[in-house]
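A closer look at the structure
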Amino acid sequence: MVRMSAEERRESVIRAARIEFARGGFNGTSTEVIAKRVGVSQPYLFRLFPGKEAIFLAASKRCCQEVTEVFRKASEGLDGEEALHAMGEAYQALIADDPDMLLMQMQMYVAVASAEASGDREFGEALRAGWMEMYDTARLALGADVGETTQFLAYGMLINVLVSMGFRPDHRVWTGFYDAAQRKR
């Protein structure tokens, strides 16, 4: 059996944590279940990360980076409406292929709101930075048009909510979307 390096093990923890936190949320996910998924002990897990919050932040940052990369790749060499359509289609494919990606995003928003409500503003700072990178990537692809970027991300958030609520693609709630937001059938 080949031994993994600490960095490889750290990567497996981030992948496993994204799945577990996506499904159980920050408060509902134990480090024990993450360690079990990876096949390590909790003490080893805490040699890789100082605590549960650090694991959640690493998984959340990775989620933001992956969405940002999807936007970047989809819009490469395109601009304006072509970039908008390409990013929209690529994002919809991402959350269709990896439902945990959508769930993790939703859990990030809940965790930040919960931390803020209890007076912990610092927790959300790293996650806001990751989200801003997504925003800036989309804004650049859309010609630095703030209005287009806001509309694109607003539709994206509505898509997140409707998909997470289980609205099927043929449901009437989707009829008000502009063409780029309509899932291809």
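That block above? That's the structure.
This is a predicted model, so every value here is computed, not measured.

The geometry of helix α4 (residues 52-75) relative to helix α5 (residues 80-97) is characterised by a closest axis approach of 8 Å and an angle of 140° between their N-to-C directions. Taken as axis vectors, α4 and α5 run oblique relative to one another. In this structure, α4 crosses over α5, and the sense of that crossing is right-handed. Residues V67, V70, F71, A74 and S75 of α4 form the contact with α5, whose participating residues are A83, A86, M87, A90, Y91 and L94. Looking at the contact of α4 with α5 residue by residue, the class counts come to 10 nonpolar, one polar and no charged.

We now examine the side chain of E20. Here E20 lies in helix α1 (residues 6-28). Aside from chain neighbours lying at most four places away, what touches E20 is G25, T29, V33, I34 and R37.

Turning our attention to α5. Its 18 residues place the ends of α5 26 Å apart at the C-alpha level, agreeing with the 26 Å of an ideal helix rising 1.5 Å per residue. Restricting attention to buried positions, one finds in α5 the residues A83, L84, A86, M87, G88, Y91, Q92, L94 and I95. The inward-facing, buried residues of α5 contact α4, α6 (99-117), α7 (122-141) and α8 (146-164).

Before going further, it helps to spend a moment on the pattern of salt bridges. The tally for this structure, following the rule as stated, stands at 11 salt bridges. The partner of R18 in a salt bridge is D98, and the shortest N-O contact between them spans 2.8 Å. Separated by 80 residues along the polypeptide, R18 in helix α1 and D98 in the loop between α5 and α6 bring together distant segments of the chain. Judged by relative accessible area, R18 falls into the buried class, the value being 11%. Among the salt bridges present, the one from E125 reaches R121, with a minimum N-O distance of 3.8 Å. Among the residues examined, R121 registers a relative accessible area of 48% and is labelled partly exposed. Linked by salt bridges that have partners in common, E116, R121, E125 and R128 make up one network.

Calculation notes
Residues numbered from 1 in each chain as written. Predicted model: local features only at pLDDT ≥ 70, side-chain atom pairs only at ≥ 80, totals over all residues. Heavy atoms only, no water. Axes fitted to C-alpha atoms, helices over the stretch in contact; angles between N-to-C directions. Helix = DSSP H or I, 4+ residues; strand = E, 2+ residues; numbered from the N terminus. Parallel < 35°, antiparallel > 145°, perpendicular 65-115°, else oblique. Left-handed = near helix turned anticlockwise from the far one by under 90°. Contact = heavy atoms within 4.5 Å. Nonpolar A, V, L, I, M, F, W, Y, C, P; charged D, E, K, R; others polar. Expected span 1.5 Å × (residues − 1). Buried < 20%, exposed > 50% of the residue type's maximum accessible area, 1.4 Å probe, protein only. Salt bridge = Lys/Arg side-chain N within 4 Å of Asp/Glu carboxyl O.

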